[in-house]
Amino acid sequence: MRNLKIGITCYPSLGGSGVVATELGILLAERGHEVHFITSGRPFRLYMDQPNIKVHEVEVGQYAVFKFTPYDIALANKISEVIIEEELDILHAHYAVPHAICSALGRDMAGVPIPIITTLHGTDVTILGHDRTLAGTVKYGINKSDMTTAVSHSLKQETYELIRPSKEIRTIYNFIDERQYRPVDAHHIKVGLGIAESDKLLIHVSNFRKVKRIEDVIRSFSIINREVPSKLLLVGDGPEAEAIHTLVQEEGLGMEVLFLGKRDDLPDLFSISDLNMLVSEKEAFGLVLIEAMACGVPCIGSDIGGIPEVIEDGKNGFIRPLGDIEGYAESAIRILKDPELAAKFSEDAMRSVRERFSSERIVREYESAYYELLERK
Ligand code: GMT
């Protein structure tokens, strides 16, 4: 198969869709393809100049007539330029709004009928699909794409029900960069944080938005902490940070909960953790689950969206109904108090990621989708 020139448009900042798009681009470039990121800035996980990768930054002019700067129009304009100048074979849009819509517009402007593949990541459907000011454009973006993928079966189903697109959607799961996410010896971090050797460690990583239900994590940790000497690491930042701080104080957990902010050393933090909690009320996939599992950490999750497709209930973690604070705590205590069960879940978590979410497997699925689209033409 010949190497391709692939345009990728995505959010370059912190967030699951940007991480997946960037890591996909890096791996495609390593496989010999030429990858062109068309974004508002350098993707944050793209650390250095890598062979076969070019970043095309979108510039937006500031004019007095604009009340709102037209980033989306500038993006479509940049996409059309890159299609022509770099002779792209295919465009891959991550997150429907505005990337799928701008890709369709950019392709029309370029007048070159290259295929567009759009990957839906979750909130582009589960939140924006309910917003009457945007839902129509989500549908337009999907229908104008030659292929649409969703990061879980659950998201695929929800998109069919909510958006009713005229095209079929294919599930391609998210994947892990195994070179980064693996168990490492990071004991020094536990020592540095002043955590006693005997304390069990729970971890929650997110963008601290309401959908993550961090208050449920805190409330169940409060129950867990009464039974098991433990600490909770909260990693990330976002709009709910203040409310979470207040709740932690109200629950009298000020000494037990450690706010670590945004961190780059997630593999280290997972490697010292005994349990990961993701109990969101919306979650198309839950990238953080496979990041934790790849480091051998069992997970507790809510029965929402793609979470039950990632955690295998009773095999490498537990799934409990959304908001079941007691249930989460009971499941966590079971794992934390039973070293044999914890070791079995940990092994199975790593096996599951290797078998189901390996970068090799998933990148090949995207590559096959690209070749299939090019053959269809
Ligand atoms: O809320 C987040 O976690 C960020 C969000 C995003 O738009 O980047 O994540 C979404 O895409 C990730 C990558 O595909 C998925 O793993 C997350 O489950 C999904 N978030 C939601 O559905 C809430």
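Residues numbered from 1 in each chain as written. Predicted model: local features only at pLDDT ≥ 70, side-chain atom pairs only at ≥ 80, totals over all residues. Heavy atoms only, no water.

Draft legend 1. Spatial organisation of the overall build of the chain. Within the chain, the regular secondary structure consists of 15 helices and 13 strands. Since a compact globule built from 377 residues should have a radius of gyration of about 21 Å, the 21 Å found for the chain is in line with a globular shape. The principal-axis extent of the C-alpha atoms belonging to the chain is close to 65 × 50 × 40 Å. For the chain, buried positions account for 58% of its 377 residues. Once local pairs closer than 6 in sequence are excluded, the contacts in the chain between residues at least 24 apart make up 69%. Of the accessible surface of the chain, which amounts to about 16300 Å², a share of 50% is contributed by carbon and sulfur atoms. Charged side chains in the chain number 42 positive and 57 negative. The centres of these two groups are separated by 3 Å. (Helix = DSSP H or I, 4+ residues; strand = E, 2+ residues; numbered from the N terminus. Rg over C-alpha atoms; globule rule 2.2 N^0.38 Å. Buried < 20%, exposed > 50% of the residue type's maximum accessible area, 1.4 Å probe, protein only. Contact = heavy atoms within 4.5 Å. Areas by Shrake-Rupley, 256 points an atom, 1.4 Å probe, with all protein chains shown as cover. Lys, Arg positive; Asp, Glu negative; His and termini not counted. Charge placed at Lys NZ, Arg CZ, Asp CG, Glu CD.)

Draft legend 2. Representation of the environment of Glu 372 within the structure. Along the chain, Glu 372 turns up in helix α15 (residues 359-376). The spacing of Glu 372 and Met 147 is 225 residues in sequence and 9.9 Å in space, taken between C-alpha atoms. Among all residues touching Glu 372, those that are not within four sequence positions of it are Met 147 and Arg 170.

Draft legend 3. Local environment of the nonpolar core. Ranked by internal contacts, the top residues of the largest apolar core, which has 80 residues, are Ile 8, Leu 28, Leu 233, Phe 270, Leu 289, Ile 290 and Tyr 370. Beyond its immediate stretch of four places on either side in the chain, Leu 28 contacts Ile 6, Ile 8, His 33, Val 35, Val 363, Glu 367 and Tyr 370. Residues Ala 241, Val 248, Leu 253 and Val 257 belong to the second largest nonpolar core, which totals 29 residues. (Core = buried A, V, L, I, M, F, W, Y, C linked by side-chain atoms within 4.5 Å.)

Draft legend 4. Highlighting the layout of surface pockets. By volume, the second largest pocket is sized at about 260 Å³. Contributing to the lining of the second largest pocket are 19 residues, with Ser 273, Asp 274, Gly 296, Ala 342 and Ser 346 lying nearest its centre. Mapped by element, the contributors of at least two residues to the lining of the second largest pocket are α10 (266-271), α13 (325-337) and α14 (339-356). Broken down by element, the lining of the second largest pocket gets its largest block of residues, five residues, from α14. (1 Å grid on protein atoms, 1.4 Å probe; cavity = no way out; pocket = protein on both sides within 12 Å on 5 of 7 lines; lining within 4 Å. Points joined across faces, edges and corners; volume = space filled by probe spheres on them.)

Draft legend 5. Quick look at the pattern of salt bridges. On inspection of all chains with the given rule, the structure shows 26 salt bridges. In this structure, the salt-bridge partner of Asp 265 is Arg 263, at a minimum N-O distance of 2.8 Å. Overall, Arg 263 belongs to the partly exposed group, its relative accessible area being 29%. Here Arg 364 makes a salt bridge to Glu 360, at a shortest N to O gap of 2.7 Å. Here Arg 364 and its partner Glu 360 are both found in helix α15, four residues apart, which amounts to about one turn of the helix. A relative accessible area of 44% places Arg 364 in the partly exposed class. (Salt bridge = Lys/Arg side-chain N within 4 Å of Asp/Glu carboxyl O.)

Draft legend 6. Local environment of helix α1 (residues 16-30). For α1, with 15 residues, the first-to-last C-alpha span of 21 Å sits near the 21 Å given by 1.5 Å per residue. Taking burial as the measure, the 15 residues of α1 include 13 buried ones, the bulk of the element. Of the residues flanking the end of α1, it is Gly 32, one or two places downstream, whose phi is positive at about 105°. (Expected span 1.5 Å × (residues − 1).)

Draft legend 7. Geometry of the site of the ligand. Taken together, the neighbourhood of the ligand is formed by 18 residues, with Ser 17, His 121, Arg 209, Glu 283 and Ala 284 sitting nearest. Asn 207 places a polar side-chain atom, nitrogen or oxygen, 3.1 Å from an oxygen atom of the ligand. The separation between an oxygen atom of the ligand and a polar side-chain atom of Glu 283 is 2.6 Å. Here the ligand, which alone exposes 480 Å², has 93% of that area covered by the protein. (Near = heavy atom within 4 Å. Polar contact = N/O pair within 3.5 Å; in protein donor to acceptor, adjacent residues only side chain to side chain.)

Draft legend 8. Structural detail: the packing of aromatic side chains. If you walk through the whole model with that rule in mind, you get six aromatic pairs. Taking the centre distance of 5.6 Å and the plane angle of 90° together, the rings of Phe 285 and Phe 357 count as edge-to-face. Placement of Phe 285 in the loop between β11 (275-278) and α11 (287-294) and of Phe 357 in the loop between α14 and α15 is noted, with a sequence separation of 72 residues between them. Judged by its relative accessible area of 2%, Phe 285 falls in the buried class. (Phe/Tyr/Trp six-rings, centres within 6.5 Å; stacked < 30°, edge-to-face > 60°.)

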